[in-house]
Amino acid sequence: MNEHPTRLVYFAWVRERIGRQEEDVALPAEVETVADLLTWLKGRGEEYENALQYPEVIRVAINHEHVDHREKIAGAREIALFPPMTGG
């Protein structure tokens, strides 16, 4: 387990489906990348499963910087999850 909790922040329909704007979580050691995080979150309950049904479309920012799903999350203080951008 990480010594410090990581703040997860949810936006738009991700937030609506999960039912909360943010939460502080202690991530298990095996959660090393953004992809691992999304998989772990999906296992936390039906609302997470619904919000993260298609994890490949979720956009993620670590400490306010957009990252790819292969990015390591070690040392992240805040991880934000966004739905894909729409419109053009």
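The structure this text deals with has already been given above.
Owing to the predicted nature of the structure, the values given are computational and were not obtained by experimental measurement.

Turning next to the pairing of strand S1 (residues 6-10). Of all the five residues making up S1, four are buried; the element is thus mostly covered by neighbouring parts of the structure. Bridge count for S1 against strand S2 (residues 22-25) is four bridges, and the pairing is antiparallel. Across the sheet, residue Leu8 finds its bridge partner in S2, namely Glu23. For S1 and strand S5 (residues 78-82), the ladder comprises four bridges, and the chain directions are parallel. Among the inter-strand pairings, Val9 is bridged to a residue of S5, identified as Ala80.

Turning our attention to the sheet that holds strand S4 (residues 65-67). Taken in spatial order, the five strands line up as S2-S1-S5-S3-S4 in an open sheet, and their pairing is mixed. Each having just a single partner strand, S2 and S4 make up the two edges of the open sheet. Adjacent strand axes in the sheet meet at a mean angle of 25 degrees when their direction is disregarded.

Criteria and thresholds
Residues numbered from 1 in each chain as written. Predicted model: local features only at pLDDT ≥ 70, side-chain atom pairs only at ≥ 80, totals over all residues. Heavy atoms only, no water. Buried < 20%, exposed > 50% of the residue type's maximum accessible area, 1.4 Å probe, protein only. Helix = DSSP H or I, 4+ residues; strand = E, 2+ residues; numbered from the N terminus. Pairing = 2+ DSSP bridges. Axes fitted to C-alpha atoms, helices over the stretch in contact; angles between N-to-C directions.

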